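Here are the chains, one letter per residue:
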Amino acid sequence: MLAYPLIAGVLFGLYFSLLGIGLNLVFGVMRIVNLAHGDFLMLGAFVAFGVFYLLGLDPLLAVPLAFVLFVIVGIVLYGLLVPRLQQSRDPEMLSIILFFGLSQVIEALVTIAFGTSERSIPSRELGSLMTAAAKALGAKPEGGPVDILGQSFPAAWVISAVVSVIAIGLVYVYLYRTRLGTLTRAVMSRRDEAFATGINVDRVCAAAFGIGLGLAAIAGVFAPFMFGSVTPAFGADATVTAFVIVVLGSLGNPLGTALGGIVYGICYMLVQTFLSSWADLLPYVLLIVVLLLRPSGLLGRKVRVA
Amino acid sequence: MPSFVRHMLLIVAPLMAAFAILPGVYDNHLLLFNFVIFLILAQGVNIIYGFTGYLPFGYVGFFGAGAYGFAIMVMHLQAPAPLAVLAAGVVGVLLGLLLTPLLRLSGAYFAIANLAAALAVLHFVANPALESITKGPYGVALNGTFNPTLAYIGAVIILALTLGFVVFLRNSSFGMALQAVREDAVSAAMAGVNVVKMRVIAWLVSALVAGLAGGVFAWYVSVFYPDNVFSSDFSIFAIVFALFGGVATIMGPIVGVIILYGIYNLIGFTTPQYFQLIYGVLIMALVLFLPAGLVSLATRRGWNVP
C-alpha cells in the first residue's frame, strides 16, 4: 500500500530535482531569479516534439540536442541581459521582473508559432531506440511497465529518473571535479573576492547560465511524459514547482536541490494517494513552513536578516 | 504651502475629480473601475516595495482574501456592502499579520515565499472541502448587493485614501525612515529607527489597501471564481505598473497604470498573444534601460518628481 507512492515519489522526486537544479544553479552563481525557467522547460518539450514528430526519432535523442542548443541560447542571452542588469541598483529584485518579461516573450512567441493546443508523445516511444538496439543484439527487451519491488511503474518514469540521476551526477562532476566548477563555486561564495583574485567572473557566469538553461531544457524533454501533456502556458506552473523544490533543498546550493526534489516528490505522491482534495495546497504550505523555520532551506547556509 | 498640501491639491484632487467626472462622459464604466483598482494596487505595491524594498510577488493574496472576506460577510452574515468592504480590509490586515514572519526573509526569498503564500490562500479558498463556507471552486454569486455605481464610488474613495497615505509617506519623517531602512537597515537602526515596527506598519497598510480593493472589486463584479480574484496577473500587473512609472514617488505608479493599462486595453483583448509579446519586450526594456522607471527620465535632469 505504502510502497507504491513511496517508490513513485522517489522516481518523481529524482525528476523534480532535475527540474529545479538549473534554476538553483543560476540563482546560486548570479543571484538572479530566472522566472523564465519553466519556459525553457517548455521549449525543451518542444525540442522533444520536434525530434519525435518531424524526424520520427526516439525522443530520448532530444536530450543531448536540447542541452547543447540551450547552453548556446543561455550564453547568448547572458551576454544580452545580465551585465546590464548587474549595473542596476537592485539586480536581485529586478531580475525577477526582467525574467518575467522574458517568460512572457517566450510564451507569446511559442503561442504565435504553434498555437495553444495540448501536445503529448505516446509514452512507449521514449527509449524506443534502446529497445530496438537490444532487439537487434538478440536480447528480448520487455517494453511496457517496469517492476520495482513488486510494484509496476511506467517505463517513461524510470527512464526520466535514470536520466535525472545521470544529469545531477554530471552537475556534481562539473562543480567539484573540473576547474570551471571550482571557479564557479568561488563566484558562488564570494562574487567580489572571486573577481579580485582575477577570475573571469563574466565567463564563469555565462557558462553557469548556459548550463542552467540546458538542464531546464533536458527536464523539459521529459515533461510530456511526466505531466501527460505540455502547452505553451506550461512554463508558469513549472516555474512555481521548480521554486518550491529549490527552496526546499536550499536556494543557492544546487546539490541541495536533489534532496528538495525527493522530499517534494514523496510528499506529492503521498498526498495524491491519500488526501487528494488537499493535494494542491501541500507544496505551498510546505514551502512557507520551510522558509519560516529554515529560511535557508534544508541544507542551506544562514541567510535570514533582521 | 507645505508640500503635503501641495501634493494633495495638485495630484490627488485632480485625479479624484477626473474619476468623478469620467463616468458621465465615458461609457465603459468597467474599464474606468479597473483603472481605479489597478491604481490602488499599484500604489499598494509602491507602499511596500517602493518604500521598504520588499517585492510582494503574491500581492494578489490580499486582494483575493479581501474579495472572499466581502463575499462571506454578504453570504453568511447578510452584511450591507459598505460594511463588508471594511471587513474585506480587516481580512487583508489579518492575512498580513499572519504573514508578518515572512518579513524576516530578505530579497528573492521574501518574493518567493509571498508568492507561495498567495497560492496557498488560493488553494485553501478553492478547496471543495470548504464548499459550505467559500463555495470552493464553484465561484461566488452575490445578487443582493449588486450596485456598480456605489461600488465605483467606494473604489474611488479607497484610491483617495491610498494616495493620501502615499503622499504622507513622501512628505513625512516616517517615509524617510522607511527609505532609510530599505537602503541600509543596520545604519537606520543605529540612527534610532525602529526597523521592525516601521516595516510591519508599511506591510499592514499595503495589505489593508489590497484587502479593501478586493472587497470593492467583489462588490462591483458580484460573480467571480477563485481563479479570477487570485489571478497572479493582479500581482504582476500592479508590480510592473508601479515599476514602469517609478516607485517611491506619488506620480510614478499613476503614470505607469495610465500608460501600460491603457496599452493593454487598446491591443490586449483583440490579439492577446501579440499583446503578451509587446508587454514582455516592454518589461525587459524597462528593466534594462530604465530600471528606476519613467520618472527617472525627469529626476536624471535634476527635476524633482513628487
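Our subject is the structure listed above.
So, a few notes on the structure that sits alongside this text.

Rules and cut-offs
Residues numbered from 1 in each chain as written. Chains lettered and ligands numbered in written order. Predicted model: local features only at pLDDT ≥ 70, side-chain atom pairs only at ≥ 80, totals over all residues. Heavy atoms only, no water. Helix = DSSP H or I, 4+ residues; strand = E, 2+ residues; numbered from the N terminus. Rg over C-alpha atoms; globule rule 2.2 N^0.38 Å. Buried < 20%, exposed > 50% of the residue type's maximum accessible area, 1.4 Å probe, protein only. Core = buried A, V, L, I, M, F, W, Y, C linked by side-chain atoms within 4.5 Å. Contact = heavy atoms within 4.5 Å. Buried area = accessible area lost by both parts, 1.4 Å probe. Salt bridge = Lys/Arg side-chain N within 4 Å of Asp/Glu carboxyl O. Polar contact = N/O pair within 3.5 Å; in protein donor to acceptor, adjacent residues only side chain to side chain. Axes fitted to C-alpha atoms, helices over the stretch in contact; angles between N-to-C directions. Parallel < 35°, antiparallel > 145°, perpendicular 65-115°, else oblique. Left-handed = near helix turned anticlockwise from the far one by under 90°. Arc of directions from axis to C-beta. Expected span 1.5 Å × (residues − 1).

1. Description of the overall build of chain A
Across its full length, chain A holds 12 helices and two strands. Ordered by position from N to C terminus, the α and β elements of chain A give α-α-α-α-α-β-β-α-α-α-α-α-α-α. Compactness check: chain A gives a C-alpha radius of gyration of 19 Å against a globular reference of 19 Å for 306 residues, within 12% of the reference. Here chain A, with 306 residues, has 56% of them falling under the buried criterion.

2. Thoughts on the nonpolar core
In terms of nonpolar packing, the biggest core is built from 236 residues, with A:Phe40, A:Phe222 and B:Phe70 touching the most fellow members. It is helix H9 (residues 201–227) of chain A that contributes the most residues to this core, 18 residues altogether. With residues up to four places along the chain from it excluded, the contact list for A:Phe222 reads A:Tyr15, A:Leu60, A:Val63, A:Leu126, A:Ile159, A:Ser160 and A:Val163.

3. Considering the environment of B:Val247
All names here are of chain B. Relative to the elements of secondary structure, Val247 occurs in the loop between helix H12 (232–245) and helix H13 (251–267). When the C-alpha atoms of Val247 and Gly53 are compared, they prove to be 9.8 Å apart, with 194 residues separating the residues in sequence. Not counting residues within four places of it along the chain, the set of residues in contact with Val247 comprises Asn46, Tyr49, Gly50 and Ala242.

4. Notes on the interface of chain B and chain A
In this complex, chain B contributes 43 residues to the contact, which on the side of chain A involves 44 residues. A buried area of about 4100 Å², summed over both sides, lies between chain B and chain A, and 78% of it is on carbon and sulfur atoms. When the buried area of chain B at its contact with chain A is split by residue, B:Arg104, B:Tyr109 and B:Leu288 rank highest and sum to 17% of it. Where chain B touches chain A, the interface holds zero salt bridges. Our count for the chain B to chain A interface comes out at three residue pairs in polar contact (both at pLDDT 80 or more). Listing elements by their share of the side of chain B that touches chain A, those giving two or more residues are helix H5 (107–125), helix H8 (173–183), H12 and helix H14 (272–289) of chain B. For the side of chain B that touches chain A, the element with the highest residue contribution is H5(B), accounting for 13 residues.

5. Notes on the packing of helix H2 (residues 29–52) of chain B against helix H10 (residues 195–221) of chain B
Residue and element names in this part refer to chain B. Contact pair H2 / H10: the axes reach a minimum separation of 8 Å and the direction vectors enclose 170 degrees. As judged from the angle between their axes, H2 and H10 are roughly antiparallel. Here H2 runs over H10; the crossing is left-handed. Note on element contacts: H10 touches H2 through Ala202, Trp203, Val205, Ser206, Val209, Ala210, Ala213, Val216, Phe217 and Tyr220, opposite His29, Leu30, Phe33, Asn34, Ile37, Ile40, Leu41, Gly44, Ile47, Ile48 and Thr52.

6. Notes on helix H7 (residues 179–189) of chain A
Residue and element names in this part refer to chain A. Listed in full, the buried residues belonging to H7 are Gly181, Thr184, Val187 and Met188. Projected onto a plane normal to the axis of H7, the buried residues spread over an arc of 120 degrees and lie on a single side. If you follow the buried residues of H7, they end up packed against helix H1 (3–30), helix H6 (155–177), helix H8 (191–196) and H9.

7. Description of the side chain of B:Ser222
All names here are of chain B. Within the element layout of this structure, Ser222 appears in the loop between H10 and strand E2 (223–224). Of the residues examined, Ser222 reaches a relative accessible area of 4% and is grouped as buried. With residues near it in sequence (within four places) discarded, Ser222 still touches Val140, Ala141, Leu142 and Phe146.

8. Some remarks on H12(B)
Residue and element names in this part refer to chain B. Spanning 14 residues, H12 covers 20 Å between terminal C-alpha atoms, matching the ideal 20 Å at 1.5 Å per step. Burial analysis of H12 places 12 of its 14 residues in the buried class, which makes it a mostly covered element. Residues of H12 that are buried include every one of Phe234, Ser235, Ile236, Phe237, Ala238, Ile239, Val240, Phe241, Ala242, Leu243, Phe244 and Gly245, and no others. One or two steps after H12, the chain reaches Gly246, where phi turns positive at roughly 125 degrees.

9. Side note on the environment of B:Leu130
Residue and element names in this part refer to chain B. In this fold, Leu130 is placed in the loop between H5 and helix H6 (131–134). Judged by its relative accessible area of 17%, Leu130 falls in the buried class. C-alpha of Leu130 to C-alpha of Val5: the two residues are 125 residues apart in sequence and 48 Å apart in space.

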